[in-house]
Amino acid sequence: MLDIKFIRENTDLIKKTCEQKNVDIDIDLMLKLDAEILSLNQKLQDLREEKNAISSSIPTLKDDEKKEAIAKSKDLNDKIKVYEIELATKQPDFDDMMWRVPNIPAPDVPVGKDDSENVILRREGTPRKFDFEPRDHYDILEMNDWADFKRVAKVCGSRSYTLKGAASRLEIALHMYMMDKLTAKGFTMITVPSMVKEEALYGTGHFPTGRDDVYYLPKENLYLSGTAEIVLTSLHRDEILEENQLPILYAGYSPCFRSEAGSAGKDVRGLIRVHQFMKVEQYVICKADLAESEKWYNTLLETAEEVLKDLELPYQVLACCTGDMGAGKYKMYDLEAWTPSQNKYRETHSCSNLLDWQARRANIRYRENATGKVKYCYTLNNTGIATPRILAPFLENHQTADGKVRIPEKLRPYMGGKEYL
């Protein structure tokens, strides 16, 4: 969410941003509602003050004056009710539009309509050349009895997975490796639930848009979270932190749920697009300083790159364009690992800087040491490890001709020292 004062003073910039981010909002209508609401609030304030003044004077008035004052107070109260009703009809429409106003992208963000216009910044590592016909991850899992896609689909439906034996151990090992890496960097490990209230999804910007991708539990009036970021943001909702408490660094571990609405027919085989998965999320709350947030953005990105290098996976770094980066993002880079069976790079990490866009929505603030001034915090996030997504390129890149899978050296301590899966 942006400051309404900023929107009023930068109308053309906001309109341009909406266009670049494919956000359909009538900014002129929103500002018209804003002016009307301001006028109504001023009228209500004036009427209430007048009514209060009359009410205070009534006990001191004589009979005729008292009757006149009571009648005047009643008349003012009727006018107040009319304005309150009018305000109640306009405020929700204005609020809904404010929730949808996108963040201004960084100056160096490429302008583009969708992911086809993302910009490759660099590639690291060389895709492996096999001296045998490589298998895709689904076949590797099936031939080793490391998964049971057909049976679990009978129980849980499509886009479900279950891992067995060594593959199950591998999934857990990846998360343990990630937790150790982030702990060594000063992050606090934190496990969080996956059921969240609606306001938590508004706080991160997943709502009011994005409802189709979220599972709803009507009996509990709760939603299933698609990332620990949602809970981690709302943990400090409506708080005023002290500057010396910042930065707050969380490594959030949780089950995640996504309906994958609109992706029917895409990548349904194996582990690429599943409805439930596990993830360690890198998450930062820092002070409102652009240089500070850039430092943490680079830290989150470097950590993700370390992961892909440790796992010995060729990857590329993409600068996401305005049309693909999401409404709340100031800057967003994707990391994609080489996936041999598809002969292309596939996303494993998404690194985002949102400045104060989320903090305003969730009302997360801090008090400056030097001035005592209260400001909105900045928030950032990036994937640490998401499974089973990372397993597809991992299994395919490290497979052997006889169906085994080599374990990279950095991961072997978490796999009992084994060299092969």
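Residues numbered from 1 in each chain as written. Predicted model: local features only at pLDDT ≥ 70, side-chain atom pairs only at ≥ 80, totals over all residues. Heavy atoms only, no water.

Draft legend 1. Summary view of the sheet that holds strand 11 (residues 344–353). Strands sit in the order 1-9-10-11-14-8-7-2 across an open sheet of eight strands; the sheet is mixed. One side of each edge strand has no neighbouring strand; the edge strands of this open sheet are strand 1 (119–124) and strand 2 (188–191). Each strand axis lies, on average, 25° off the axis of its neighbour in the sheet, ignoring direction. The sheet contact formed by strand 7 (residues 248–257) and strand 8 (residues 276–286) spans ten bridges and is antiparallel. Across the sheet, Leu 249 pairs through a bridge with Val 284, a residue of strand 8. Of the strands in this sheet, strand 1, strand 7, strand 8, strand 9 (315–319), strand 10 (331–339), strand 11 and strand 14 (378–387) are in contact with helix 10 (residues 290–310), which crosses strand 14 at around 5°. (Pairing = 2+ DSSP bridges. Helix = DSSP H or I, 4+ residues; strand = E, 2+ residues; numbered from the N terminus. Axes fitted to C-alpha atoms, helices over the stretch in contact; angles between N-to-C directions. Contact = heavy atoms within 4.5 Å.)

Draft legend 2. Seen up close, the pattern of salt bridges. According to the stated counting rule, one finds 29 salt bridges in the structure shown. Of the charged contacts, one joins Asp 34 and Arg 8 as a salt bridge, the two residues approaching to 2.6 Å between their closest N and O atoms. Remark: Arg 8 occurs in helix 1 (residues 4–9) and Asp 34 occurs in helix 3 (residues 27–57); sequence separation between them is 26 residues. In this structure Arg 8 comes out as partly exposed when scored by relative accessible area, which is 36%. The shortest N-O distance in the salt bridge between Glu 292 and Lys 295 comes to 3.9 Å. With a gap of three residues between them, Glu 292 and Lys 295 both fall in helix 10, about one helical turn apart. In this structure Lys 295 comes out as partly exposed when scored by relative accessible area, which is 44%. Among the charged side chains, a network of salt bridges with common partners joins Lys 181, Lys 185, Glu 306, Asp 310 and Lys 410. (Salt bridge = Lys/Arg side-chain N within 4 Å of Asp/Glu carboxyl O. Buried < 20%, exposed > 50% of the residue type's maximum accessible area, 1.4 Å probe, protein only.)

Draft legend 3. Region of interest: the packing of helix 2 (residues 11–20) against helix 3. Orientation of helix 2 relative to helix 3, taken along the N-to-C sense of each, is 135°, at an axis distance of 10 Å. The orientation of helix 2 relative to helix 3 falls into the category oblique. Where helix 2 abuts helix 3, its residues Thr 11, Ile 14, Lys 15 and Cys 18 lie against Ile 27, Asp 28 and Leu 31. Within the contact of helix 2 with helix 3, the residues separate by chemical class into four nonpolar, one polar and two charged. (Parallel < 35°, antiparallel > 145°, perpendicular 65-115°, else oblique. Nonpolar A, V, L, I, M, F, W, Y, C, P; charged D, E, K, R; others polar.)

Draft legend 4. The arrangement of the sheet that holds strand 12 (residues 365–367) in detail. Taken together, the three strands give an open sheet; going across it, the order is 6-12-13, and neighbouring strands pair in mixed fashion. Because the sheet does not close on itself, it has two edges, and the strands there are strand 6 (240–242) and strand 13 (374–376). Each neighbouring strand pair of the sheet contributes to a mean axis angle of 35°, computed without reference to strand direction. The sheet contact formed by strand 6 and strand 12 spans three bridges and is parallel. Residue pairing for strand 12: Glu 242 is matched across the bridge by Arg 367.

Draft legend 5. Molecular detail of the packing of aromatic side chains. Considering all chains together, one arrives at nine aromatic pairs under this definition. Centre to centre, the rings of Tyr 177 and Tyr 414 are 6.1 Å apart; their planes meet at 85°, and the pair counts as edge-to-face. Taken as a pair, Tyr 177 in helix 7 (residues 165–184) and Tyr 414 in the segment after helix 12 (391–397) lie far apart in primary sequence, 237 residues in all. A relative accessible area of 22% places Tyr 414 in the partly exposed class. On the basis of an interplanar angle of 70° and a centroid distance of 5.1 Å, the ring pair of Trp 338 and Tyr 345 is categorised as edge-to-face. Both residues of the pair, Trp 338 and Tyr 345, count as buried. Put simply, the rings of Trp 99, Tyr 202, Phe 207, Tyr 216 and Tyr 223 pair up and form one aromatic cluster. (Phe/Tyr/Trp six-rings, centres within 6.5 Å; stacked < 30°, edge-to-face > 60°.)

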